[in-house]
Amino acid sequence: MELVKNLQWRYATKKFDVAKKVSNEDIEKIKEAVRLSASSYGLQAYKVLVIENPEVREKLRAAAWNQPQITESSHLFVFCNYTNVDENVIDDYMKLTADVKNIEVDMLGGFKQMIIGATSKLDEAQLNAWTSKQTYIALSTLLAATSELKIDACPMEGFEKEQFNEILGLNEKGLEASVVAAVGFRSSEDETQYSQKVRKPSEELFEAI
């Protein structure tokens, strides 16, 4: 199983080779993998920013405890969850679904009401937690895709969310920074790559019932 080999190869890269850039072709492959990621109801209640702009990334680095991955990686993926899932969001998804499946949108009435019924039960904090969790599923897909391409990545939660929101103008867009992935190629000076991967043994992690 190549996926297992790829996951054994990957690690959270701490120091990137600033001279190496991920090709546009590979970035598109990563984006397509993220686009196809699993998502609750298929709703994809998030947006992914792919940031190369060095000035923006310098500001983000200052808001991420000065972690070098923010500026030294080739590309920075910022996963941003919706802060609200209202009927307009759901209507847009119904229209997209109808177009893709080549059916009348009225045929999706039951599906629409199911989503509305589920999301309307959530208060603001619960809804935010749910949409934020969705970004982590997409992040996991990115990590698998980059490992297959032998491209390094570092998932990151260590940043000041409010500052990211302000720098990227997310609040006015109904978005909130959730999690970040720095993507590029490991530096030969990154000592972390030589560390043994530590994971619980299967008999401890899994339990058959």
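Read on for a plain summary of the structure. Bear in mind the structure is a predicted one, so any value in this text is a computation, not a measurement. (Residues numbered from 1 in each chain as written. Predicted model: local features only at pLDDT ≥ 70, side-chain atom pairs only at ≥ 80, totals over all residues. Heavy atoms only, no water.)

1. Observations regarding the overall build of the chain
Inference 1: Each helix and strand in the chain was counted, giving nine helices and four strands.
Inference 2: When the helices and strands of the chain are read in sequence order from the N terminus, they spell out α-α-β-α-α-β-α-α-α-β-α-β-α.
Inference 3: Its C-alpha atoms give the chain principal-axis dimensions of roughly 55 × 45 × 35 Å.
Inference 4: Taking all contacts inside the chain whose residues are at least 6 apart in sequence as the whole, residues at least 24 apart take part in 78%.
Inference 5: Surface exposure of the chain reaches about 12300 Å², of which carbon and sulfur atoms provide 51%.
Inference 6: Here the chain contributes 25 positively and 33 negatively charged side chains, and the mean placements of these two sets differ by 4 Å. (Helix = DSSP H or I, 4+ residues; strand = E, 2+ residues; numbered from the N terminus. Contact = heavy atoms within 4.5 Å. Areas by Shrake-Rupley, 256 points an atom, 1.4 Å probe, with all protein chains shown as cover. Lys, Arg positive; Asp, Glu negative; His and termini not counted. Charge placed at Lys NZ, Arg CZ, Asp CG, Glu CD.)

2. Regarding the nonpolar core
Inference 1: Membership of the largest hydrophobic core comes to 20 residues, with the highest contact counts inside it found for Leu76, Val78, Phe164, Leu168 and Val180.
Inference 2: Residue assignment for this core shows that the elements contributing at least two residues are strand S1 (46-51), strand S2 (75-82), strand S3 (152-156) and strand S4 (175-184).
Inference 3: The element best represented in this core is S4, accounting for four residues.
Inference 4: Core analysis: the second largest hydrophobic core is formed by 16 residues, Tyr46, Phe79, Leu142 and Val183 among them. (Core = buried A, V, L, I, M, F, W, Y, C linked by side-chain atoms within 4.5 Å. Buried < 20%, exposed > 50% of the residue type's maximum accessible area, 1.4 Å probe, protein only.)

3. Thoughts on the pattern of salt bridges
Inference 1: Across all of its chains, the model carries 10 salt bridges by this definition.
Inference 2: Here Glu2 and Lys5 are joined by a salt bridge, their closest N and O atoms 3.7 Å apart. Here Glu2 pairs with Lys5, and both are found in helix H1 (residues 2-9), just three residues apart, close to one helical turn.
Inference 3: In this structure, the salt-bridge partner of Asp91 is Lys112, at a minimum N-O distance of 2.7 Å. One end of the pair, Asp91, is in helix H5 (residues 87-101); the other, Lys112, is in helix H6 (residues 109-120), and 21 residues separate them in sequence. (Salt bridge = Lys/Arg side-chain N within 4 Å of Asp/Glu carboxyl O.)

4. Description of the packing of H5 against H6
Inference 1: Axis separation between H5 and H6 bottoms out at 10 Å; the angle between their running directions is 150°. Judged on the interaxial angle alone, H6 and H5 are roughly antiparallel. In the crossing of H5 with H6, the sense of the turn from one axis to the other is right-handed. Where H5 abuts H6, its residues Glu87, Ile90, Asp91, Tyr93 and Met94 lie against Phe111, Lys112, Ile115, Ile116 and Thr119. (Axes fitted to C-alpha atoms, helices over the stretch in contact; angles between N-to-C directions. Parallel < 35°, antiparallel > 145°, perpendicular 65-115°, else oblique. Left-handed = near helix turned anticlockwise from the far one by under 90°.)

5. Concerning the environment of Gln193
Inference 1: Inspection of the secondary structure puts Gln193 in the loop between S4 and helix H9 (202-205).
Inference 2: Expressed as a C-alpha distance, the spacing of Gln193 and Lys15, which sit 178 residues apart in the sequence, is 9.5 Å.
Inference 3: Aside from chain neighbours lying at most four places away, what touches Gln193 is Tyr11, Arg186, Ser187 and Ser188.
Inference 4: Within the structure, the side chain of Gln193 is placed 2.8 Å from the backbone oxygen of Ser187, a separation counted as a polar contact. (Polar contact = N/O pair within 3.5 Å; in protein donor to acceptor, adjacent residues only side chain to side chain.)

6. Concerning the packing of aromatic side chains
Inference 1: By the definition in use, this model includes three aromatic pairs.
Inference 2: Here the aromatic rings of Tyr41 and Trp130 are separated by 6.2 Å at their centres, their planes lie at 65°, and the arrangement is edge-to-face. With Tyr41 in the loop between helix H2 (24-35) and S1 and Trp130 in helix H7 (residues 124-148), this pair connects stretches of sequence that are 89 residues apart.
Inference 3: Judged by relative accessible area, which is 17%, Trp130 ranks as buried. (Phe/Tyr/Trp six-rings, centres within 6.5 Å; stacked < 30°, edge-to-face > 60°.)

7. Observations concerning the pairing of S3
Inference 1: When you tally the buried positions in S3, you get four out of five residues, the bulk of the element.
Inference 2: As paired strands, S3 and S4 are joined by five bridges and run antiparallel to one another. Within the sheet, the bridge partner assigned to Met156 lies in S4 and is Val180. (Pairing = 2+ DSSP bridges.)

Remember, this is a structural readout, not a statement about activity or role.
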